[in-house]
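# Structure at a glance
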Amino acid sequence: MTTDHVEPAVSGGECEREPDPSDSLRTFGAVVQALREHAGLSRVQFGELVRFSKHTVESVELGRRMPDASFVERAEEALGNTGALRHSARFLTWGDAGLAAWFRQWARLERTAVSLCTYECRLIPGLLQSEGYVRALCENEIPPLSDDALEATVQVRMERQQLLRERPNTTFDFVIEEAVLMRRLGGAQVTVEQLDLILDLGLLRNVTVQVMPANSEQHACLSGPVRLLEMPDGRWRAYSEGQENGRLIAGPKEVSRIHMRYARLRSQALSPKDSMGLLMRIGGAL
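Right, let's walk through the structure included here. (Residues numbered from 1 in each chain as written. Predicted model: local features only at pLDDT ≥ 70, side-chain atom pairs only at ≥ 80, totals over all residues. Heavy atoms only, no water.)

Take the overall build of the protein next. When its secondary structure is counted, the protein shows 13 helices and eight strands. Counting the 286 residues in the protein, one finds 49% classified as buried. Of the accessible surface of the protein, which amounts to about 13700 Å², a share of 51% is contributed by carbon and sulfur atoms. (Helix = DSSP H or I, 4+ residues; strand = E, 2+ residues; numbered from the N terminus. Buried < 20%, exposed > 50% of the residue type's maximum accessible area, 1.4 Å probe, protein only. Areas by Shrake-Rupley, 256 points an atom, 1.4 Å probe, with all protein chains shown as cover.)

See below:
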């Protein structure tokens, strides 16, 4: 789904149909199940005590669902008030849930990269997506996502976006096709909020946003989206993605060719200042 996957994924590699359980969620769920069974309660009976459905109880026990505070509190009361659930719940994380399986290695590399470059011709890059835009992407996915997968995706996408602020010494460069910005995915209000978010993020000193104008007579990346990152040791990696798959590229010659295309594309795109002006005009026309 970006525009920044073993199951069909929402476009852009950052979301999958069923989030895989993280270790912390699996462990928490196993503890809940063990305590429930020790108390001699079925999932239906336990669900009645905590005022959640049998399906929700099952999802928590299998590590597929992040339990909210009310679930934890009611479960504690129903299972002996040992404090185990309250304490362990503080360490729960989604991990890589909500990220497509083949995108996860790239997402891990992003966390230590010193430079990231992205060109997108399909969707707004994942690191720039607003919550409303992410929800619109998920709601347009065919076949539909489950409620759990949708919420996991939104949560992970918003958490991943913190990279822009948490890594002020890492440079983030984006080139986005004008046609992507013109698409009113989710409606006019979602589009306005998305454009406003890009404008705000574009003010960060480590973020550069450029627009590839629709009337350009030259284009260096006609082969498709481009992702590049520089690792702390100076090596570069690239990432290529299509429907239902993604590929991490480490070969120096192939990475070099992709790097050359991206560098040429940046010279063909509007300057950051002109790009911000175009974004404001597009938003003002909605």
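Still more ground to cover, so stick around.
The first and last C-alpha atoms of helix α12 (residues 252-268) sit 24 Å apart over 17 residues, in line with the 24 Å expected at 1.5 Å per residue. Looking only at α12, the buried set comprises Val255, Ile258, Tyr262, Leu265 and Gln268. In an axial view of α12, the angular spread of the buried residues amounts to 140°, which keeps them on one side of the axis. The outward face of α12, more than 90 degrees from its buried face, is lined by the exposed residues Pro252, Lys253, Met260, Arg264 and Ser267. Where α12 is buried, its residues touch β3 (115-120), β4 (171-177), β5 (207-212), β6 (226-230), β7 (236-242) and β8 (245-249). (Expected span 1.5 Å × (residues − 1). Arc of directions from axis to C-beta. Contact = heavy atoms within 4.5 Å.)

Quick look at the packing of aromatic side chains now. In this description, a pair of aromatic rings is defined by centroid distance and the angle of the planes. Counting across every chain of the model gives four aromatic pairs. Judged by centre distance (6.2 Å) and plane angle (80°), the ring pair of Phe46 and Phe71 falls under edge-to-face. With Phe46 in helix α2 (residues 43-50) and Phe71 in helix α4 (residues 69-78), the pair connects residues that are 25 residues apart, well separated along the chain. You'll find Phe46 and Phe71 in the same group, each marked buried. Members of the aromatic cluster, joined through ring pairs, are Phe46, Phe52 and Phe71. (Phe/Tyr/Trp six-rings, centres within 6.5 Å; stacked < 30°, edge-to-face > 60°.)

Further remarks concern the pattern of salt bridges. Tallied over the full model, the rule gives 14 salt bridges. A salt bridge links Arg43 to Glu58; the nearest nitrogen and oxygen atoms lie 3.7 Å apart. In this pair, Arg43 sits in helix α2 while Glu58 sits in helix α3 (residues 54-61), placing the two residues 15 residues apart along the sequence. Among the ionic pairs, Arg160 bridges to Glu110, the shortest N-O distance being 2.7 Å. Taken together, the residues Arg160 in helix α8 (residues 147-160) and Glu110 in helix α6 (residues 104-110) connect sequence positions 50 residues apart. (Salt bridge = Lys/Arg side-chain N within 4 Å of Asp/Glu carboxyl O.)

Moving on to the pairing of β7. If a strand is regular, its side chains alternate between the two faces of the sheet. Relative to β7, β6 is paired through four bridges, and the arrangement is antiparallel. Bridge assignment links Arg227 to a residue of β7, and that residue is Tyr239. Counted between consecutive antiparallel strands, the loop separating β6 from β7 contains five residues, among which Gly234 sits at a positive phi close to 90°. As paired strands, β7 and β8 are joined by five bridges and run antiparallel to one another. What sits directly across from Glu241, in β8, is Gly246. (Pairing = 2+ DSSP bridges.)

When you tally the buried positions in β6, you get four out of five residues, the bulk of the element. With five bridges joining them, β3 and β6 adopt antiparallel strand pairing. In the strand pairing of β6, Leu116 is matched with Leu229.

As for its placement among the helices and strands, Ser115 is situated in strand β3. For Ser115, the side chain forms a polar contact with the side chain of Thr171, separated by 3.2 Å. In this structure Ser115 touches Thr170, Thr171, Leu228, Leu229, Glu230 and Trp236, once residues within four positions along its chain are discounted. (Polar contact = N/O pair within 3.5 Å; in protein donor to acceptor, adjacent residues only side chain to side chain.)

Moving on to the nonpolar core. Membership of the largest hydrophobic core comes to 41 residues, with the highest contact counts inside it found for Leu128, Leu164, Phe172, Phe174, Leu181 and Val209. Listed by contribution, the elements that provide at least two residues to this core are α6, α7 (131-139), α9 (163-166), β4, α10 (178-182), α11 (188-201), β5 and α13 (272-284). At six residues, α11 tops the list of elements feeding residues into this core. In this view, Leu128 contacts Gln161, Leu164, Phe174, Ile176, Gln194, Leu197, Ile198, Leu201 and Val209; residues no more than four positions away in its chain are not counted. Counting 15 residues, the second largest nonpolar core, distinct from the first, contains Leu25, Leu41, Val57 and Leu85. (Core = buried A, V, L, I, M, F, W, Y, C linked by side-chain atoms within 4.5 Å.)

With 14 residues, α8 extends 20 Å between its outermost C-alpha atoms, agreeing within 8% with the 20 Å of an ideal straight helix rising 1.5 Å per residue. Along α8, the positions that sit buried rather than exposed are Asp148, Ala149, Leu150, Ala152, Thr153, Val154, Val156, Arg157 and Arg160.

This part covers the sheet that holds β7. Read across the sheet, six strands follow the order β5-β4-β3-β6-β7-β8 without closing on themselves; strand pairing throughout is mixed. Looking at which strands have only one partner, the edges of the open sheet turn out to be β5 and β8. Averaged over all pairs of adjacent strands, the angle between their axes in this sheet comes to 15°, without regard to strand direction. Two elements, β3 and β4, share six bridges in a ladder whose sense is parallel. Looking at β4, one finds that Cys117 is bridged to Asp173. (Axes fitted to C-alpha atoms, helices over the stretch in contact; angles between N-to-C directions.)

Function cannot be read off these values alone, since they describe shape.
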